[in-house]
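Residues per chain are reported as follows:
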Amino acid sequence: SGLVAGNDVNVTSVWDNYQGDGITIGIVDDGLQVAHPDLAPNARTDIDIDINYGDNDPSPDLTADDHGTACAGVAAARGNNALGVSGAAPHAWLVGVRLISAMATDAQEAQALNHQLTSATASDRISIYSNSWGPNDDGATLEGPGPLAAAALQNGVTNGRGGRGAVYTWACGNGGTND
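**Student:** How do you make sense of the overall build of the protein chain when you look at a structure like this?
**Tutor:** A tally of regular secondary structure across the protein chain gives 3 helices and 5 strands. Across the protein chain, helices and strands are ordered from the amino to the carboxyl terminus as β-β-α-β-α-β-α-β. Computed over the C-alpha atoms, the radius of gyration of the protein chain is 16 Å, within 12% of the 16 Å expected from 2.2 N^0.38 for a compact globule of 179 residues. For the protein chain, the spread of C-alpha atoms along the principal axes amounts to about 45 × 45 × 30 Å. Counting across all 179 residues of the protein chain, residues that qualify as buried make up 39%.

**Student:** How should I be thinking about the pairing of strand E1 (residues 24-29) in this particular structure?
**Tutor:** Consecutive side chains of a regular strand alternate in pointing toward one face of the sheet and then the other. Of all the 6 residues making up E1, 6 are buried; the element is thus mostly covered by neighbouring parts of the structure. Side-chain alternation along E1 places Thr24, Gly26 and Val28 on one buried face and Ile25, Ile27 and Asp29 on a second face that is also buried.

**Student:** Help me understand the side chain of Arg98, please; the structure alone is not making it clear to me.
**Tutor:** Summarising the element assignment, Arg98 is placed in strand E3 (residues 93-98). Side chain to side chain, Arg98 and Asp50 meet in a polar contact 3.1 Å long. Separated by 3.0 Å, the side chains of Arg98 and Asp65 make a polar contact.

**Student:** How do you make sense of the sheet that holds E3 when you look at a structure like this?
**Tutor:** Pairing between the strands of a sheet is mediated by backbone hydrogen bonds and can be parallel or antiparallel. Spatially, E2-E3-E1-E4-E5 is the arrangement adopted by the 5 strands of the open sheet, whose pairing is parallel. Strands at the two margins of the open sheet, each flanked by one partner only, are strand E2 (49-50) and strand E5 (167-170). As paired strands, strand E4 (residues 128-131) and E5 are joined by 4 bridges and run parallel to one another. Within E5, the residue paired with Asn131 across the bridge is Trp170. In this fold helix H2 (residues 106-113) packs onto E1, E2, E3, E4 and E5, with an angle of close to 135 degrees to the strand it touches most, E4.

**Student:** Any chance you could explain the pattern of salt bridges here in plain terms?
**Tutor:** Here the idea is simple: oppositely charged side chains can pair when their charged atoms come close. Considering all chains together, one arrives at 4 salt bridges under this definition. Of the charged contacts in the structure, one is a salt bridge between Asp50 and Arg98, with a shortest N-O distance of 3.1 Å. Here Asp50, found in strand E2, pairs with Arg98, found in strand E3; they are 48 residues apart in sequence, far enough to count as distant. Note on Arg98: relative accessible area 6%, which makes it buried. Taking the shortest distance from any N to any O, the salt bridge between Arg98 and Asp65 comes out at 3.0 Å. Of this pair, Arg98 sits in strand E3 while Asp65 sits in the loop between E2 and helix H1 (67-76), placing them 33 residues apart in sequence. The same class applies to Arg98 as to Asp65, namely buried. Each member of the salt-bridge network shares a partner with another, and the members are Arg44, Asp46 and Asp124.

**Student:** Help me understand the environment of Ile47, please; the structure alone is not making it clear to me.
**Tutor:** Relative to the elements of secondary structure, Ile47 occurs in the loop between E1 and E2. Separated by 116 residues in sequence, Ile47 and Gly163 place their C-alpha atoms 21 Å apart. Ile47 has contacts with Val95, His115, Gln116 and Asp124, leaving out every residue within four places of it along the chain.

**Student:** When you look at H1 in this model, what are you seeing that I'm missing?
**Tutor:** Note that an α-helix has 3.6 residues per turn; residues three or four places apart therefore point the same way. Counted residue by residue, H1 has 7 buried out of 10 residues, so it is predominantly covered. Listed in full, the buried residues belonging to H1 are Gly68, Thr69, Cys71, Ala72, Gly73, Ala75 and Ala76. Those residues of H1 that are buried lie in contact with E1 and E3.

Cut-off values and rules
- Counting of residues starts from 1 at the beginning of each chain's written sequence and follows it residue by residue.
- In keeping with the model being predicted, local features are shown solely for residues with a pLDDT of at least 70 and side-chain atom pairs are shown and tallied solely at 80 or more, while totals for entire chains, interfaces and linings include all residues.
- With hydrogens and water excluded, all non-hydrogen atoms of the structure serve as input to the side-chain values.
- Under the scheme used here, helices are H or I runs from DSSP no shorter than 4 residues and strands are E runs no shorter than 2 residues, and both carry numbers assigned from the N terminus.
- It is over C-alpha atoms that the radius of gyration is taken, and the globule rule equals 2.2 Å times the number of residues to the power 0.38.
- Throughout this description, buried means an accessible area under 20% of the type-specific maximum (1.4 Å probe, protein chains only), exposed means over 50%, and partly exposed covers the range between.
- Under this definition, polar contacts are N or O atom pairs within 3.5 Å; protein pairs additionally need one hydrogen-donor-capable and one acceptor-capable atom, and for neighbouring residues in sequence, both atoms have to be side-chain atoms.
- Strand pairing is assigned whenever DSSP detects at least two bridges linking the two strands.
- Note on contacts: a residue pair qualifies if any of its non-hydrogen atoms lie within 4.5 Å across the two residues.
- Think of each axis as a best-fit line through the C-alpha atoms, taken over the contacting stretch in the case of a helix, with angles from 0 to 180 degrees between the N-to-C directions.
- The term salt bridge refers to a side-chain nitrogen of Lys or Arg lying within 4 Å of a carboxyl oxygen of Asp or Glu.

Have a look at this one:
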């Protein structure tokens, strides 16, 4: 796309002290290619979920669903493996939460936003939920979460990370092509 390779998000100075060790990031998106060479070392396939199709395999349909895998790479691609890129937190665990490969209900969104939130084992808890989805970003649509998803967010920021609150991130600006 004409971009220059290099230090794109300016996080390398942090890596001397922190690389995501002990953190689990849920990629709530259209799927996660858990066998991808840059992601496989960090993939937690034991706690993945596919909400769209009702199983525990978040693998995307590779002909149409590539967004979640790309987002996972930005977050926690392993790096320093002579294969591709490094994510911002290259030692963080990745969990696939496949939600937007098909239409999702308010209840399914709520399920995704609280998946593995308060697992009995601290190492199985998701601390950060990476979300790059939402209503149309067309400059005219304004929409918030439904009541169940809103309650899930409240639950997450109250009870996640052992009572310290889960971290939810959302991408913005995908409507740039619509001005």
